[in-house]
Amino acid sequence: MSKRFDIWFLALAAVLVSRLIGMALFPFADTTEPRYAEIARLMAETGDWITPWFEPGVPFWGKPPLSFWAQALAIKVFGLSEFSLRLPSWLTTLAMVWLVWRLAKQLWNVQAALWSSLVFATMALTYISAGAVMTDSFLALGTTLTLVSFCLVMSGEDGPWRWLFFIGLVIGLLSKGPLAVVLVGIPIVLWLLLFKHEAASLRKFPWWRGALLTAFLAGPWYLLAELKTPGFLDYFIVGEHIRRFLDPGWTGDLYGSAHDQPKGMIWLFWLWASFPWGIVALVGVIAGWLGGRGTGRIRLPLSHPGSCFLFVSALAPMLFLPPRVTRSGPMCCHPCHLQPC
């Protein structure tokens with residue numbers, strides 16, 4: 001067991017360190033990294049920690065500020081560079097790797113936990129976003145923390161996990177907005193419909209105090225942002241979270257152009273995001289079926305509550321969320337090395 005753990009630890013360390021080194025060696029890519037990096041640079045330069053600014057005089061209402069807070073703080077501590085701006089995403093990925101390990105250990109055993117965390121760390125989207133200036137890694141940390149906490153508490157854990165459930169919601173609300181509540185709410189509701197007898201265990205959560213904690217930690221920024229730049233709540237809540245998804249012809253996007261994705265594209269995105277492990281899993285299922293093993297060997301994990309919760313959590317976004325309207329926008333006016341004006 002000790003030898004297997006050493007090999008696993010070395011492999012995981014090699015993956016994470018390689019991304020850490022790449023963060024310093026490679027310039028910003030695409031238009032997303034320079035755009036978000038410039039917003040963080042302006043925050044660090046101006047000292048305005050309430051309103052992210054798309055450019056001087058133009059507030060950025062498209063995202064809450066948690067990722068920009070972390071990136072601006074990294075600039076303050078480590079100076080202005082690609083590495084410092086990317087470091088917060090790497091740290092959030094490190095936290096998610098541990099959460100995956102912790103949950104798998106609780107549900108199965110140490111060996112399953114080792115493989116689960118290594119598979120997660122080597123998926124394409126995890127590896128790329130671990131070293132990118134984006135908001136998505138912070139959203140993923142929030143939803144992962146909430147879902148892992150829920151599963152651990154329902155599996156018998158107690159103590160801080162009851163409160164970390166709500167801390168995950170706060171992270172999601174301050175990194176992406178109400179979408180975080182939807183992303184965790186759908187699998188939880190579906191799981192409770194499948195395991196109605198587990199509903200009694202919901203009493204383990206401090207719902208009223210947890211809701212007050214969530215509102216206390218996340219609410220003030222939303223209020224201050226609206227007071228500082230009136231119109232924020234209408235654009236962000238109604239526009240970004242309702243019209244952007246339900247109206248393919250929505251022209252209210254202030255920071256780029258919206259593109260409606262065809263239905264079903266999310267499954268192709270999933271294959272890319274989970275590469276190579278999503279393909280490995282599909283090939284294994286198909287090979288087992290064609291090999292004549294039938295449903296006796298290929299079973300959906302619906303009998304074990306913990307496995308079923310993970311299965312539902314993985315499929316819920318692809319099955320129940322509307323086609324994502326992606327955004328493309330202009331690159332920020334500053335070069336990728338972010339020299340100050």
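In this report, we go over the structure that sits alongside the text.

Taking 1.5 Å of rise per residue, 19 residues should cover 27 Å, and helix H7 (residues 136-154) covers 27 Å from first to last C-alpha, within 8% of that figure. Within H7, 17 of the 19 residues are buried, leaving the element largely enclosed by the surrounding structure.

Relative to the helices and strands, Arg-86 resides in helix H4 (residues 82-107). According to the relative accessible area criterion, Arg-86 is buried, its value standing at 3%. A polar atom in the side chain of Arg-86 sits 3.3 Å from the backbone oxygen of Gly-131. Setting aside residues up to four positions removed in sequence, Arg-86 forms contacts with Gly-22, Met-23, Phe-26, Pro-27, Phe-28, Ala-29, Glu-33, Ala-130, Gly-131, Ala-132 and Val-133.

What follows covers the nonpolar core. Of all hydrophobic cores here, the largest spans 54 residues; its most connected members are Phe-150 and Trp-191. Residues in contact with Phe-150, not counting those within four places in the same chain, are Phe-165, Ile-188, Trp-191, Leu-202, Phe-205 and Phe-309. By size, the runner-up hydrophobic cluster in this structure holds 14 residues, among which are Ala-37, Ile-39, Ala-40 and Ala-44.

Time to look at the packing of aromatic side chains. Scanning all chains against the criterion turns up 23 aromatic pairs. Their ring planes at 80° and their centres at 5.1 Å tell us that Trp-221 and Phe-232 sit as a pair that is edge-to-face. Here Trp-221 is found in helix H10 (residues 207-228), whereas its partner Phe-232 is found in helix H11 (residues 232-246), with eleven residues between them in sequence. Residue Phe-232 is classed as buried on the basis of its relative accessible area of 2%. Judged by centre distance (6.2 Å) and plane angle (45°), the ring pair of Tyr-222 and Phe-232 falls under tilted. Taken together, the residues Tyr-222 in helix H10 and Phe-232 in helix H11 connect sequence positions ten residues apart. A residue is classified by how much of its surface remains accessible, and Tyr-222, at 13% relative accessible area, is buried. Following the ring pairs from residue to residue traces out a cluster consisting of Phe-150, Phe-165, Phe-166, Trp-191, Phe-195, Phe-205, Trp-207 and Phe-309. Looking at Arg-19, its charged tip hangs above the ring of Tyr-127, at a distance of 5.5 Å from the centre.

What counts, and at which threshold
All chains use their own residue numbering, which begins from 1 and follows the written sequence. Given that the model is predicted, a residue must reach a pLDDT of at least 70 before its local features are reported, and side-chain atom pairs must reach 80 or more before they are shown or counted; all residues, however, enter totals for whole chains, interfaces and linings. Only hydrogens and water are set aside when side-chain values are computed; all heavy atoms of the structure are taken into account. Helix and strand labels come from DSSP, where a helix needs a run of H or I of at least four residues and a strand needs a run of E of at least two; each type is numbered from the N terminus. How far a helix is expected to stretch is found by multiplying one less than its residue total by 1.5 Å. The classification of residues rests on relative accessible area computed with a 1.4 Å probe and restricted to protein chains. Under 20% of the type maximum is buried, over 50% is exposed, and intermediate values are partly exposed. Under the rule applied, a polar contact is a pair of N or O atoms within 3.5 Å (in protein, one hydrogen donor and one hydrogen acceptor; residues adjacent in sequence only if both atoms are side-chain atoms). Here, residues are in contact when the closest pair of their heavy atoms is within 4.5 Å. Within this scheme, the nonpolar core is defined by two criteria: the residues are buried Ala, Val, Leu, Ile, Met, Phe, Trp, Tyr or Cys, and they are joined through side-chain atoms within 4.5 Å. Whether two aromatic rings pair depends on their centres lying within 6.5 Å, for rings of Phe, Tyr and Trp, where Trp uses its six-membered ring; planes under 30 degrees apart make the pair stacked, over 60 edge-to-face, and the rest tilted. We call a charge positioned above a ring when the Lys NZ or Arg CZ atom is no farther than 6 Å from the ring centre and deviates by at most 35 degrees from the ring normal.

By themselves, these figures tell us nothing about what the structure is for.
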